[in-house]
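The residues making up each chain are set out below.
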Amino acid sequence: MSYGDRMSSTRSARSGERRAEILRAALEVIAERGYRGASLAAVAERVGLTQQGLLHHFPTKEALLLAVLEERDQWDAVPNSRWRLDLLGSLVEYNAMRPGIVQTFSALLGESVTEGHPARPFFTERYAGVREAMAQVLRAEYGERLPGGLTPERAAPLLVAVMDGLQYQWLLDPDSVDMPGAFRDFLELLGAEG
């Protein structure tokens, strides 16, 4: 490897580290203030950059938001989308250990239902994919019909609604809502082993 290649590689690694630092800071700022209340200046200040320096990495607030959402989804990714019901229970338990991430996701999701919100297309596409993945999980567990008679496609939105609804309730009153326990109860209602 030539000197120029090593320098380029080092710069690229530093740039990647800086981007990761910016994404963590943006996640914190959005969790604290919501997307509309978050500013590029606040994120830049948190990582010791000028706003212009931040714009070098993310040219717009919308670009930063989408990068935060994509990064957050990577944390929960399962190789080849091989989710199983028992892994979903583990994900709910994992989320209970990271309230800041759950809060940011929930705040952005709530804001994204408004017309013109930059995260709306992301969440619309994401939920279509999540419903499809959950239908596959249910089909692998139960076949073409769940014990109550629903098809996996009909039950998938309900599964997603329970997971997200529990997150909101838990965020509002964590001492009263046992998110992992309630999800295990839901799986029992489906006829799964909790």
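All values derive from a computational prediction rather than experimental measurement. (Residues numbered from 1 in each chain as written. Predicted model: local features only at pLDDT ≥ 70, side-chain atom pairs only at ≥ 80, totals over all residues. Heavy atoms only, no water.)

Novice: If you had to explain the packing of helix 6 (residues 99-112) against helix 8 (residues 152-172) to someone new, which residues and values would you point to?
Specialist: Packed helix pairs are characterised by how far apart their axes lie and by the angle those axes make with each other. With their axes 10 Å apart at the nearest point, helix 6 and helix 8 run at an angle of 115° to one another. Relative to helix 8, helix 6 is oriented roughly perpendicular. Pair helix 6 / helix 8 crosses with left-handed handedness. Along the contact surface, helix 6 presents Pro-99, Val-102, Gln-103, Phe-105, Ser-106, Leu-109 and Gly-110, while helix 8 presents Asp-164, Gln-167, Tyr-168, Trp-170 and Leu-171. (Axes fitted to C-alpha atoms, helices over the stretch in contact; angles between N-to-C directions. Helix = DSSP H or I, 4+ residues; strand = E, 2+ residues; numbered from the N terminus. Parallel < 35°, antiparallel > 145°, perpendicular 65-115°, else oblique. Left-handed = near helix turned anticlockwise from the far one by under 90°. Contact = heavy atoms within 4.5 Å.)

Novice: Talk me through helix 6; I want residue IDs and the actual numbers.
Specialist: Counted at 1.5 Å a residue, the expected span for helix 6 with its 14 residues is 20 Å, and the 20 Å between its end C-alpha atoms agrees. All buried positions along helix 6 are accounted for by Ile-101, Val-102, Thr-104, Phe-105, Ser-106, Leu-108, Leu-109, Glu-111 and Ser-112. (Expected span 1.5 Å × (residues − 1). Buried < 20%, exposed > 50% of the residue type's maximum accessible area, 1.4 Å probe, protein only.)

Novice: Quick one: what's the story with the packing of aromatic side chains, residue by residue and with numbers?
Specialist: If you walk through the whole model with that rule in mind, you get 3 aromatic pairs. Their ring planes at 70° and their centres at 5.4 Å tell us that Phe-105 and Phe-123 sit as a pair that is edge-to-face. With Phe-105 in helix 6 and Phe-123 in helix 7 (residues 120-142), this residue pair connects regions lying 18 residues apart in the sequence. For the ring pair Phe-183 and Phe-186, a centre distance of 6.3 Å and an interplane angle of 35° mean the geometry is tilted. Here Phe-183 pairs with Phe-186, and both are found in helix 9 (residues 179-190), just 3 residues apart, close to one helical turn. Across the pair, Phe-186 and Phe-183 agree in class, each one buried. These aromatic residues form a ring-pair network of at least three members: Phe-105, Phe-122 and Phe-123. Sitting over the face of the ring of Tyr-127, Arg-126 holds its NZ or CZ atom 5.6 Å from the ring centroid. (Phe/Tyr/Trp six-rings, centres within 6.5 Å; stacked < 30°, edge-to-face > 60°. Lys NZ or Arg CZ within 6 Å of the ring centre and 35° of its normal.)

Novice: Before we move on, could you go through the nonpolar core and cite the residues and values that matter?
Specialist: Residues Leu-64, Leu-88, Phe-123, Met-134 and Phe-183 are the most contacted members of the largest nonpolar core, which totals 55 residues. Secondary structure elements with two or more residues in this core: helix 1 (3-37), helix 2 (40-46), helix 4 (61-75), helix 5 (85-96), helix 6, helix 7, helix 8 and helix 9. Take this core: its biggest share by element is 9 residues, from helix 7. Residues in contact with Leu-64, not counting those within four places in the same chain, are Ile-22, Leu-23, Ala-26, Leu-40, Val-43 and Phe-58. (Core = buried A, V, L, I, M, F, W, Y, C linked by side-chain atoms within 4.5 Å.)

That's the geometry; what it means functionally is another story.
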